[in-house]
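Topology and contacts: notes
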Amino acid sequence: IERLFGPAVVQATETVTMRYYNATGSLTASTDSLATYSTKDFDTHNAYSSGLFTAPVSGIYQVNAQIVTTSATAVRTNAISIYKGASIVYYRYYGLNTTTGGTNLDNTISGLVKCNAGDTISVKVNDNGASPTILSDNTRNNLSIVRVGN
């Protein structure tokens, strides 16, 4: 049996869903950086690669993302965004003011994104701390996308 995939062969009623976790790496401070989730839990159409989800069929997609960053800076902010192509469609900002650095910032975002087949969805994170990094954490760094309608 040969499995066919791509915009022309995915049926309008077919389930499209994926979940990846374990985003890690260094960030450039105060810059939107692509969050690349490296470990696949499931991906029905192998639609996620190198930080980009490519919609295999047109429809409305529910996007849920979580990221945790750390930095030595005591007063800092963290933002997480959902992008469709090069445009931000959802943005969430979180600020932290502590007396010591090294505190983790957890941030979550969720939203519906209307896509045509071939459109891309990505998650970017922005942390203005000194040398921010994404913490290696399988339960607090995750991305799930599911097609919920036409």
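Before reading further, recall that the structure is shown in the block above.
Residues numbered from 1 in each chain as written. Predicted model: local features only at pLDDT ≥ 70, side-chain atom pairs only at ≥ 80, totals over all residues. Heavy atoms only, no water.

**Points about the environment of T108**
Rule in force here: Elements are defined by DSSP. Helices are runs of H or I of four residues or more, strands are runs of E of two residues or more, and each kind is numbered from the N terminus. We call two residues in contact when some of their heavy atoms are within 4.5 Å.
Locating T108 in the fold gives a position in strand β10 (residues 105-115). The sequence separation of T108 and I67 amounts to 41 residues, and the corresponding C-alpha distance is 6.5 Å. In this structure, T108 is in contact with A65, Q66, I80 and R92, ignoring residues within four places of it in sequence.

**Comments concerning the pattern of salt bridges**
Going by this rule: When a carboxyl oxygen of Asp or Glu lies within 4 Å of a side-chain nitrogen of Lys or Arg, that pair is called a salt bridge. Only protein chains enter the calculation, and the probe is 1.4 Å; a residue is then buried if its accessible area is under 20% of its type maximum, exposed if over 50%, and partly exposed in between.
For the structure on display, the rule yields 4 salt bridges. A salt bridge links D119 to K84, with the nearest nitrogen and oxygen atoms 3.7 Å apart. One end of the pair, D119, is in the loop between β10 and β11 (120-127); the other, K84, is in strand β8 (residues 75-84), and 35 residues separate them in sequence. Owing to a relative accessible area of 29%, K84 belongs among the partly exposed residues under this scheme. The residue D106 makes a salt bridge to R140 at a minimum N-O spacing of 2.8 Å. In this pair, D106 sits in strand β10 while R140 sits in the loop between β12 (133-134) and β13 (142-149), placing the two residues 34 residues apart along the sequence. On the basis of relative accessible area, D106 is assigned to the partly exposed category, the value being 29%. With relative accessibility at 25%, the residue R140 sits in the partly exposed group.

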